[in-house]
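Spelled out, the chains give:
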Amino acid sequence: MTESLVLEKTTVPEEVSSRRAGVLTALRRGQGLAGVLLIAVVALAGVFAGALSSYDPLAQISGANLLGPSAEHWLGTDQLNRDVAARVLAGIRVNLLIVLIAVPIGALIGALVGLAATVNPIADVTAQRVFDLILAFPTLIFAIALAAITGPGAHAVVIVIVAAEIPIFGRQIRTAVLAVREQPFVEAAEVIGAGTWWTLRKHVLPNAIEPLGVQFALSLSVAVFIEGAMSFIGIGVRPPDPSLGSLIADSIDNLDANPWMAIGPLTVVAALTLGFLLIAQALGRARRLG
């Protein structure tokens, strides 16, 4: 009996390792590879913005008011004589920096709160009520209220995204941990004398954290929209600093005569969102097949 329990205990890490290998395979083919390539192309464009464009995104170019696309100005210039392509490339950096800071922070805080909720009934009730309170407010309404208190800016966007992700990851990790605890291999580890924290670290967490990968990719796509929406309505990154949302807002007044001003930022937002969604779909399929 003891040997069978030990055998069941030792096979779990192998199953987790096999599923991880499946995830890596999913990202190397089909939708996963397409998503990774989309994100990589956009990210590299932002990182090497200085090499791709010789113009300062904040500098005004003499005599270059609302020029059309050309070899010198790929996406033309805006109403303030600034090169649109240079501003789009700089906006990519701003967007990705905010998203890649805010989503991991929100995921980490949410996961820790959700994990604490599984070990203490009082903490569980408190966490659930806090999650309900956060989810009761639409994200955009919360963003407007926060901007009214702290002022608009990148910090407001980060806070809003973090707050939006905490209950999502908190509840997901709580549900996953409670489900894994009911699995036979966890009960087997406890029967043979494994400590609570050892079981949590070796068996529960590896299996509970794995589903968060899909949610993480989905949250990144949503965060791209949140940053864009907040900057679009003027409570996110403020001009003259470029961001994808503010660039789209700048193009509205000249959309009929100068549509190229909107093409760049809209294409980038679509590419980022589609890329993260494709990755999420690939990860979800890998989990189901695994």
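**Student:** Give a detailed account of the overall build of the protein chain, specifying residues and quantitative values.
**Tutor:** Broken down by element type, the protein chain carries 12 helices and 0 strands. The helix and strand sequence of the protein chain, counted from the amino end, reads α-α-α-α-α-α-α-α-α-α-α-α. In the protein chain, buried positions account for 46% of the 290 residues. Surface exposure of the protein chain reaches about 14,500 Å², of which carbon and sulfur atoms provide 68%.

**Student:** Run through the nonpolar core, naming residues and quoting values.
**Tutor:** Judged by nonpolar contacts, the single largest core of 50 residues is most densely connected at Ile92, Ile161, Met230, Val268 and Leu272. Listing elements by their share of this core, those giving two or more residues are α2 (30-47), α4 (84-117), α5 (121-136), α6 (139-150), α7 (154-181), α10 (212-232), α11 (244-252) and α12 (260-289). The greatest single-element share of this core, amounting to 11 residues, is contributed by α4. Discounting residues that sit within four places of it in the chain, Ile92 has contacts with Val42, Ala45, Gly46, Leu244 and Val268. With 12 residues, the next largest nonpolar core counts Ala176, Val177, Val180 and Leu205 among its residues.

**Student:** Go over the packing of aromatic side chains with me, naming the residues and quoting the values.
**Tutor:** In the structure shown here, the tally under the stated rule is 1 aromatic pair. Taking the centre distance of 6.5 Å and the plane angle of 65° together, the rings of Phe169 and Phe216 count as edge-to-face. Taken together, the residues span a long stretch of sequence, with Phe169 in helix α7 and Phe216 in helix α10 at a distance of 47 residues. Here Phe216 falls in the partly exposed class, since its relative accessible area comes to 29%.

**Student:** Could you give me a rundown of the pattern of salt bridges, with the residues and numbers involved?
**Tutor:** Between side chains of opposite charge, a pair can form as their charged atoms come close. Within the structure shown, the criterion is met by 4 salt bridges. A salt bridge links Asp78 to Arg82, with the shortest nitrogen-to-oxygen separation between them at 2.9 Å. Asp78 gets classed as buried once you look at its relative accessible area, which sits at 4%. In this structure Arg82 comes out as buried when scored by relative accessible area, which is 7%. Within this structure, Arg129, Asp132 and Arg171 form a network of salt bridges that share partners.

**Student:** So, α6: which residues are in play, and what are the values?
**Tutor:** Here α6 contains 12 residues, and its C-alpha end-to-end distance of 16 Å stays within 8% of the 16 Å for a straight helix at 1.5 Å per residue. What α6 keeps buried is the set Ala143, Leu146 and Ala147. Taken around the axis of α6, the buried residues stretch over an arc of 100°, which confines them to a single face. Turned more than 90 degrees from where α6 packs its buried face, Ala148 and Ile149 sit exposed. Summarising the contacts, the buried residues of α6 are in contact with α7 and α10. Taken from the residues just after α6, Gly151 is the one with a positive phi, measuring 90°.

**Student:** Give a description of the packing of α5 against α7 that names residues and reports values.
**Tutor:** Their axes nearest at 9 Å, the elements α5 and α7 cross at an angle of 140°. The angle between the axes of α5 and α7 places the two elements in the oblique class. Like other packed secondary-structure pairs, α5 and α7 cross with a definite hand, here left-handed. Counted together, Asp124, Gln128, Phe131, Asp132, Ile134 and Leu135 of α5 and Ala163, Ile166, Pro167, Gly170, Arg171 and Arg174 of α7 form the full contact between these two elements. Considering only residue class, the contact of α5 with α7 consists of 6 nonpolar, 2 polar and 4 charged.

**Student:** Please provide a residue-by-residue account of α7, values included.
**Tutor:** Counting along an α-helix, one turn takes 3.6 residues, and residues three or four places apart therefore face a common direction. Taking 1.5 Å of rise per residue, 28 residues should cover 40 Å, and α7 covers 40 Å from first to last C-alpha, within 8% of that figure. For α7, the principal kink sits at Glu165 and spans about 25°; a proline, Pro167, occurs within the next four residues.

**Student:** Mind laying out the environment of Ile39, listing which residues take part and the relevant values?
**Tutor:** Among the secondary structure elements, Ile39 is positioned in helix α2. The residues touching Ile39, leaving out its near neighbours within four places in the chain, are Ala271, Leu272, Gly275, Phe276 and Ile279.

**Student:** Quick one: what's the story with the packing of α10 against α11, residue by residue and with numbers?
**Tutor:** Running from N to C, α10 and α11 point in directions that differ by 45°, and their axes come no closer than 6 Å. As summarised for this structure, α10 and α11 are arranged oblique, according to the angle between their axes. Seen along the crossing, α10 lies across α11 with a hand that is right-handed. Residues Glu227, Gly228, Ser231 and Phe232 of α10 pack against Leu244, Gly245, Ser246, Ile248, Ala249 and Ile252 of α11. Grouping the amino acids of the contact of α10 with α11 by side-chain chemistry returns 5 nonpolar, 4 polar and 1 charged.

**Student:** Any chance you could break down the environment of Gly35 for me, citing the residues and the numbers?
**Tutor:** Note that Gly35 resides in helix α2. On the basis of relative accessible area, Gly35 is assigned to the buried category, the value being 0%. If we skip the residues at most four places from it in the chain, Gly35 touches Gly275, Leu278 and Ile279.

Scoring rules and cut-offs
- Residues numbered from 1 in each chain as written.
- Predicted model: local features only at pLDDT ≥ 70, side-chain atom pairs only at ≥ 80, totals over all residues.
- Heavy atoms only, no water.
- Helix = DSSP H or I, 4+ residues; strand = E, 2+ residues; numbered from the N terminus.
- Buried < 20%, exposed > 50% of the residue type's maximum accessible area, 1.4 Å probe, protein only.
- Areas by Shrake-Rupley, 256 points an atom, 1.4 Å probe, with all protein chains shown as cover.
- Core = buried A, V, L, I, M, F, W, Y, C linked by side-chain atoms within 4.5 Å.
- Contact = heavy atoms within 4.5 Å.
- Phe/Tyr/Trp six-rings, centres within 6.5 Å; stacked < 30°, edge-to-face > 60°.
- Salt bridge = Lys/Arg side-chain N within 4 Å of Asp/Glu carboxyl O.
- Expected span 1.5 Å × (residues − 1).
- Arc of directions from axis to C-beta.
- Axes fitted to C-alpha atoms, helices over the stretch in contact; angles between N-to-C directions.
- Parallel < 35°, antiparallel > 145°, perpendicular 65-115°, else oblique.
- Left-handed = near helix turned anticlockwise from the far one by under 90°.
- Nonpolar A, V, L, I, M, F, W, Y, C, P; charged D, E, K, R; others polar.
- Bend = angle between axes of the 7 residues up to and from the residue.

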